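Each chain is listed here by its residues.
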Amino acid sequence: MRHQRDRGAGAERAVPEPVVGWLLAVLAAAAGCLDAVCLIRLGGVFASVITGNLVQLGRGIVSVDGRAAVAAAAAVAGYAVGVAVGTAALGGDAPGWRRRTTLVAAAEVVPAVGVQVGWVVSGGRAVGGNAWLLLALAGVAMGMQSTVTLSSGVRGASTTYLTGTLTTLVRTVTGRRRFAAVRGDAARLGALLLGAMVGVAMLRVAPLWAPVVPVGLVCGVVVAAAVARRRAADAQDP
């Protein structure tokens, strides 16, 4: 039964890996932008950097800072929910960006839009329970994005937590190995930085619409993935 399922998944046309590399870079930019918005305006907590959020949670507990602790806990819990939802939705699909991968990426738009709506309603100044809700929604979106990335078929790729990505890049360059092997890693790191810069810039020039940038980027990824997958199918089928 498992063998038949894997064969069926393999028969489904996947997005070509070079295209997937670009899609992941755009998703990294979306994460960078959303993280910047959350960090600056929602109590110093990230949407996707769970290591940092756990440190903030520990700080909040020890210093008896209830607001900081709850904010960090909301983001971590949201991320965990997003990972669980994405994992359940992807099921046992074989590695590679397939139809179900695109659907999960599309579903990521829902909590991301929720962040934008809540942001506008709060006038870009969410505090207390409203801020925690937005952090939880942002975490859900990033958790789902992480499952999309892990199932994309690009080995070792990440678009939300990139410490390992930087480690691999530096080790490769230091070891004088071929840079081409980590070109995608460099692209995602650069995209994350660019996304963060755009997020900060949006908070200055159009603060109410800063969260719409990651929404637009993820929507672009969904459309591009669907088109690429269709073209791959047309090219291979007689």
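Residues numbered from 1 in each chain as written. Predicted model: local features only at pLDDT ≥ 70, side-chain atom pairs only at ≥ 80, totals over all residues. Heavy atoms only, no water.

1. Comments concerning helix α5 (residues 99–121)
Structurally, the α-helix is built with 3.6 residues per turn, so residues lying three or four positions apart point the same way.
Thinking step 1. Taking 1.5 Å of rise per residue, the 23 residues of α5 would be expected to cover 33 Å, and the 34 Å separating its terminal C-alpha atoms lies within 8% of that figure.
Thinking step 2. Within α5, the full set of buried residues consists of T101, T102, V104, A105, E108, V109, P111, A112, V115, Q116 and W119. (Helix = DSSP H or I, 4+ residues; strand = E, 2+ residues; numbered from the N terminus. Expected span 1.5 Å × (residues − 1). Buried < 20%, exposed > 50% of the residue type's maximum accessible area, 1.4 Å probe, protein only.)

2. Some details on the packing of helix α2 (residues 17–41) against helix α8 (residues 183–205)
Thinking step 1. Two numbers describe how α2 lies on α8: the axes approach to 6 Å, and their chain directions differ by 40 degrees. When the axis of α2 is compared with that of α8, the two are oblique. Handedness of the crossing formed by α2 with α8: right-handed. Note on element contacts: α8 touches α2 through A187, R188, A191, L192, G195, A196, G199, V200 and L203, opposite L24, A25, A28, A29, A31, G32, C33, A36, V37, I40 and R41.
Thinking step 2. For the contact of α2 with α8, a count of residues per class yields 15 nonpolar, three polar and two charged. (Axes fitted to C-alpha atoms, helices over the stretch in contact; angles between N-to-C directions. Parallel < 35°, antiparallel > 145°, perpendicular 65-115°, else oblique. Left-handed = near helix turned anticlockwise from the far one by under 90°. Contact = heavy atoms within 4.5 Å. Nonpolar A, V, L, I, M, F, W, Y, C, P; charged D, E, K, R; others polar.)

3. As for the confidence of the model for the protein chain
Thinking step 1. Looking at the protein chain as a whole, its pLDDT mean stands at 90, while 93% of the residues score no less than 70.
Thinking step 2. In the predicted structure, residues 1–10 sits below a pLDDT of 50 and forms five contacts with residues beyond four places in sequence or in another chain. (pLDDT = per-residue confidence, 0-100.)

4. Concerning the pattern of salt bridges
Thinking step 1. Tallied over the entire structure, the rule returns two salt bridges.
Thinking step 2. Close ionic contact of R59 with D65 constitutes a salt bridge, the shortest N to O distance being 3.9 Å.
Thinking step 3. A relative accessible area of 28% places D65 in the partly exposed class.
Thinking step 4. Linking R188 and D185 is a salt bridge whose minimum nitrogen-to-oxygen distance equals 2.3 Å. Of the two residues, R188 and D185 are both situated in helix α8; the distance of three residues between them amounts to about one turn of the helix. (Salt bridge = Lys/Arg side-chain N within 4 Å of Asp/Glu carboxyl O.)

5. Some details on unusual backbone geometry
Among all residues save glycine, negative phi is the norm, and among peptide bonds the norm is trans.
Thinking step 1. At V64, a position not held by glycine, the phi torsion is positive, near 55 degrees.
Thinking step 2. Mapping V64 onto the fold places it in the loop between α3 (50–62) and α4 (66–90).
Thinking step 3. Residue V64 is classed as exposed on the basis of its relative accessible area, which comes to 72%.

6. Digging into the nonpolar core
Thinking step 1. Core analysis: the biggest nonpolar cluster contains 48 residues, and L42 and W97 have the highest contact counts within it.
Thinking step 2. Taken together, the elements giving at least two residues each to this core come down to α2, α4, α5, α6 (128–150), α8 and α9 (212–236). (Core = buried A, V, L, I, M, F, W, Y, C linked by side-chain atoms within 4.5 Å.)

7. Details of a nonpolar patch on the surface
Thinking step 1. A cluster of nonpolar side chains, namely V120, L208, W209 and V212, defines an oily patch on the protein surface of about 320 Å² accessible area.
Thinking step 2. Structurally, V120 is set in helix α5.
Thinking step 3. Owing to a relative accessible area of 35%, V120 belongs among the partly exposed residues under this scheme. (Patch = residues over 30% accessible without salt bridge, like charges linked within 9 Å, V, L, I, M, F, W, Y side chains within 5 Å. Areas by Shrake-Rupley, 256 points an atom, 1.4 Å probe, with all protein chains shown as cover.)

8. Considerations on the layout of surface pockets
Thinking step 1. In this structure, the largest pocket occupies an estimated 450 Å³ of space.
Thinking step 2. Lining the largest pocket are 20 residues; nearest its centre among them are V154, R183, G184, D185 and R188.
Thinking step 3. Going through the elements one at a time, α2, α7 (163–174) and α8 are the ones with two or more residues in the lining of the largest pocket.
Thinking step 4. In terms of residues, the lining of the largest pocket owes the most to one element, α2, which gives six residues.
Thinking step 5. Split by residue class, the lining of the largest pocket holds nine nonpolar, six polar and five charged.
Thinking step 6. The calculated volume of the second largest pocket comes to roughly 220 Å³.
Thinking step 7. If you trace the second largest pocket, you find 16 residues lining it, with D35, V49, T160, Y161 and L162 closest to the centre.
Thinking step 8. Listing elements by their share of the lining of the second largest pocket, those giving two or more residues are α2, α3 and α8.
Thinking step 9. Broken down by element, the residue count for the lining of the second largest pocket peaks at four residues, all from α2. (1 Å grid on protein atoms, 1.4 Å probe; cavity = no way out; pocket = protein on both sides within 12 Å on 5 of 7 lines; lining within 4 Å. Points joined across faces, edges and corners; volume = space filled by probe spheres on them.)

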